[in-house]
Amino acid sequence: MRKTITGTGGMLLIQTLKDAGVEYLFTNPGSAETGIFAALLEDGDQKLVVGKHEGLVAAMADGYHRISGKVGVVIAHVMGGSYQLAGQLFNAQVAGSSLLVIAGDWASELQDYRGLAPFPGLTQAESMRPITKDARCAYTVHTNPKAISQATIRALREATTPPTGPVYLSISAELLNRDGLEAQIGEDAHYVIERPGPARPQTVEAIARRLAEARCPVLMFGDDVWREGAQAEAVALAETLEAPVFNTRQIFVNFPSRHPLFCGMYPVSKDFEKVTGLKPDLIFLVGCQGVHGSVAEPTIMQIGPNPLLMGRHYPLDVAVQCELRETLRLVTEALKRSGDRVAGAARQRAKVRAFARLLIEREENLVREHEHDPGVHPSVLEAQLADVLPKNTVVVQESSTARTTLLPFGHGGMTWTRSGGGSLGFGVGAAIGAKIAVGRERPVVCHLGDGALGYSAAGFWTMARYNTAILTVVSNNESYQVVRHNWHKDMPDAKMFREDKYPGLWLSAPAVDYVGLARSQGVEGESVTSTKELEPALRRGMEKITRENRPYLIDVSVAREGVGAESTWYQDWQL
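The structure contained in this document is the topic of the report that follows. (Residues numbered from 1 in each chain as written. Predicted model: local features only at pLDDT ≥ 70, side-chain atom pairs only at ≥ 80, totals over all residues. Heavy atoms only, no water.)

Further remarks concern the nonpolar core. Of all hydrophobic cores here, the largest spans 54 residues; its most connected members are Leu211, Leu219, Leu237 and Phe284. Setting aside residues up to four positions removed in sequence, Leu237 forms contacts with Leu211, Leu219, Phe221, Phe284, Leu328, Val331, Thr332 and Leu335. Counting 48 residues, the second largest nonpolar core, distinct from the first, contains Ala76, Leu85, Val428 and Ala457. (Core = buried A, V, L, I, M, F, W, Y, C linked by side-chain atoms within 4.5 Å. Buried < 20%, exposed > 50% of the residue type's maximum accessible area, 1.4 Å probe, protein only. Contact = heavy atoms within 4.5 Å.)

Attention shifts here to the state of the cysteines. Inspection of every chain in the model, using the stated rule, returns zero disulfides. Cysteine Cys322 shares no disulfide, and the gap to the nearest cysteine sulfur, in Cys288, comes to 12 Å. By relative accessible area, which is 0% here, Cys322 ends up buried. (Disulfide = S-S within 2.5 Å.)

This next bit is on the environment of Glu561. Mapped onto the elements of the fold, Glu561 is located in the segment after strand S20 (552-557). The partly exposed category is assigned to Glu561, whose relative accessible area is 23%. Counting along the chain gives 80 residues from Glu561 to Gln481, while the straight-line C-alpha distance between them is 8.0 Å. Discounting residues that sit within four places of it in the chain, Glu561 has contacts with Leu366, His377, Pro378, Arg403, Gln481 and His485. Separated by 3.3 Å, the side chains of Glu561 and His377 make a polar contact. (Helix = DSSP H or I, 4+ residues; strand = E, 2+ residues; numbered from the N terminus. Polar contact = N/O pair within 3.5 Å; in protein donor to acceptor, adjacent residues only side chain to side chain.)

Within strand S5 (residues 99-105), seven of the seven residues are buried, which leaves the element mostly enclosed by the surrounding structure. Both faces of S5 are covered, namely the face carrying Leu99, Val101, Ala103 and Asp105 and the face carrying Leu100, Ile102 and Gly104. Pairing of strand S4 (residues 72-76) with S5, which is carried by five bridges, proceeds in the parallel orientation. Each bridged residue has a counterpart across the sheet, and for Val73 the counterpart in S5 is Leu100. Sheet topology note: the S5/strand S7 (residues 167-172) ladder contains six bridges and is parallel. Opposite Asp105, over in S7, you have Ser172 as the bridge partner. (Pairing = 2+ DSSP bridges.)

With that settled, the discussion passes to the side chain of Asn254. Along the polypeptide, Asn254 turns up in the loop between strand S10 (245-247) and strand S11 (262-265). A distance of 3.3 Å separates a polar side-chain atom of Asn254 from the backbone oxygen of Phe221. Within the local environment of Asn254, its side chain forms a polar contact with the side chain of Gln250, the two groups lying 3.2 Å apart. Once residues lying within four places of it in the same chain are set aside, the contact partners of Asn254 are Phe221, Gly222, Asp223, Val225, Trp226 and Gln231.

Relative orientation of the contacting elements helix H1 (residues 9-19) and helix H2 (residues 34-43) amounts to 60°, with a least axis distance of 8 Å. By the criterion of interaxial angle, the relationship of H1 to H2 is oblique. In this structure, H1 meets H2 at a crossing whose hand is right-handed. Contact with H1, carried on its side by Gly10, Met11, Leu13, Ile14, Gln15 and Lys18, involves Gly35, Ile36, Ala39, Leu40, Glu42 and Asp43 of H2 and no other residues of that element. Here the residues of the contact of H1 with H2 are counted per class, giving six nonpolar, three polar and three charged. (Axes fitted to C-alpha atoms, helices over the stretch in contact; angles between N-to-C directions. Parallel < 35°, antiparallel > 145°, perpendicular 65-115°, else oblique. Left-handed = near helix turned anticlockwise from the far one by under 90°. Nonpolar A, V, L, I, M, F, W, Y, C, P; charged D, E, K, R; others polar.)

All chains considered together, the criterion is met by 28 salt bridges. In this structure, Glu535 engages Arg539 in a salt bridge whose closest nitrogen and oxygen atoms are separated by 3.0 Å. With a gap of four residues between them, Glu535 and Arg539 both fall in helix H23 (residues 531-546), about one helical turn apart. You can call Glu535 partly exposed: its relative accessible area is 29%. When the shortest N-O distance is used, the salt bridge between Glu548 and Arg550 registers 2.7 Å. Residue classification places Glu548 among the partly exposed residues on the basis of a relative accessible area of 37%. Here the salt bridges share partners, and the residues they tie into one network are Lys18, Asp43 and Asp45. (Salt bridge = Lys/Arg side-chain N within 4 Å of Asp/Glu carboxyl O.)

One open sheet accounts for six strands, arranged S11-S10-S9-S12-S13-S14; its pairing is parallel. Of all strands in the sheet, those with a lone pairing partner are S11 and strand S14 (318-321), marking the two edges. For this sheet, the mean angle separating the axes of adjacent strands, direction not counted, is 20°. Looking at chain direction, strand S9 (residues 217-221) and strand S12 (residues 282-286) are connected through five bridges and run parallel. Counterpart to Phe221 in the pairing with S12 is Val286. Contacting S9, S12, strand S13 (299-304) and S14, helix H9 (residues 201-213) runs over the sheet at an angle of about 140° to S13.

Below, the discussion takes up H1. By the criterion of burial, H1 is predominantly enclosed, with 10 of the 11 residues buried. When we look at burial in H1, the residues that qualify are Gly9, Gly10, Met11, Leu12, Leu13, Ile14, Gln15, Thr16, Leu17 and Asp19. Positive phi shows up at Gly21, right after H1, with a value of about 85°.

Among the 11 residues of helix H16 (residues 378-388), eight are classified as buried, and the element is accordingly described as predominantly covered. Within the span of H16, buried status applies to Pro378, Ser379, Val380, Leu381, Glu382, Gln384, Leu385 and Val388. The elements touched by buried residues of H16 are helix H15 (352-370), strand S17 (444-449), strand S18 (470-476) and H23.

This paragraph deals with the side chain of Gln302. By secondary structure assignment, the location of Gln302 is in strand S13. Only 3.3 Å separates the side chain of Gln302 from the backbone oxygen of Cys288, close enough to count as a polar contact. Of note is the side chain of Gln302, whose polar atom sits 2.9 Å from the side chain of Tyr314. When near neighbours in sequence (up to four residues on either side) are disregarded, Gln302 contacts Leu285, Cys288, Gly290, Met310, Gly311, Tyr314, Leu316, Val318, Ala319 and Val320.

For the peptide bond that leads from Pro162 to Pro163, omega is -5°, which places it in the cis range. Along the polypeptide, Pro163 turns up in the loop between helix H7 (146-160) and S7. Put simply, Ala509 and Pro510 share a cis peptide bond, and its omega is 5°. Backbone geometry places Glu242, a non-glycine residue, at a positive phi of 55°. For Glu242, the location among the structural elements is in the loop between helix H11 (231-241) and S10. In this structure Glu242 comes out as buried when scored by relative accessible area, which is 12%.

Structural data, given as structure tokens:
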């Protein structure tokens, strides 16, 4: 069905988004978008979610998309405001998040310069191309009103079609304000292109044959497994093969983190070979957006709906663009038909579970070692979270040093997501978006470091305004500890390691009162400085967000681990 819509350019836009099923608009309002907000009040069906910084707003839309599966729509400002999105649009681009960013545009040939607008000779949409899905996905609508609905539809399709990612749409402010315009849109069209189907039968058989012939196949399940709801099929394949599962840099937990075949991070460690007596000879990459690092196995197979990074820096013996759930089911069925051959190989891999158990035991031993420390060790915080959080919790993490081995994430457990590109400022906004996606039915916990919180603390205001009942847990070690680790990997013999002095990494002096910072914006909280205070505080926090339906913050002073952990040095100079 087609229908004709009339009104201002802003009305054409709002009606097109409404037709696509968009319920929430995430924004930090700007005056170039007057026509959009005027239309929003006229229509009244969509909910506005306001944040006090554009980056925070983009993270909200990203978190909402990741948990709901729906496009996150951002109403941004002209070029100066759009540039504020950069760090979180970069995260969304790396994560492949389906976002649509819409901004007014003050481009004009009748004046030299207008505040926040592109400098003469530059275009707003062009400037956003490096941090959007593709050069094809930055559109500018200046004169033709029909192009508003057409460009919006095209942008929604681009955002949701593999390779998915953020799309930027720039619309003339004058056109958004102009009345008496007319365009046609679909009716409840949603503008989604159907994904690829399962792999062909002969391809399924070829994959199964190679898996059955390998002495030690390694499985890696990427983020498209989570997006396509194929976690159960991933577990069934691993268990049929009795094969070790490793992960690389990911934004979801695509295979259960406490499964007895989960063997940690790729590349495969020397410990694995020592404990199991197995040397991996094949890696099967399923729904992965590339691999963080090199690939060592002699045989490499890769399947998934997104071919963008397939085989970009490693050779592929089998490469398939396909849907995952049915393909994995068919591969598992083909393996079962192999009968004794697969069963015999699986028995030879009996020690894989012993290695996976060893990883858990090491972490449990660390907890026992530190459970009576006066201060809170990160492993003890991890163990308490595992004990307190219910299985239906959504965890948004933005801490590189937080420990997670004991937490049951993935299929059958908690949902987990993290920043894609590592640009700080993701956690608070993403948790707000995630809570909007799940509503009151599921608890949302934001676990982040004090360094990350410094980028996004203005988000507590948004939490309070919309009563998004999130438990924010701050792992506060007063430093950028992960940067010390990375510096040590790059230059272990540098003077700063000999003298234990690290420029720019100590974040105290003065210390930040995060509880006071949250309270000043309407979110209550408490500080934890000792192990004995930790469990009661976490239980109070869960009570606040579940029974009382109010956001809450717990600032936990955690011990620093690793290189330079004891250093509190900083360049002590003042004006």
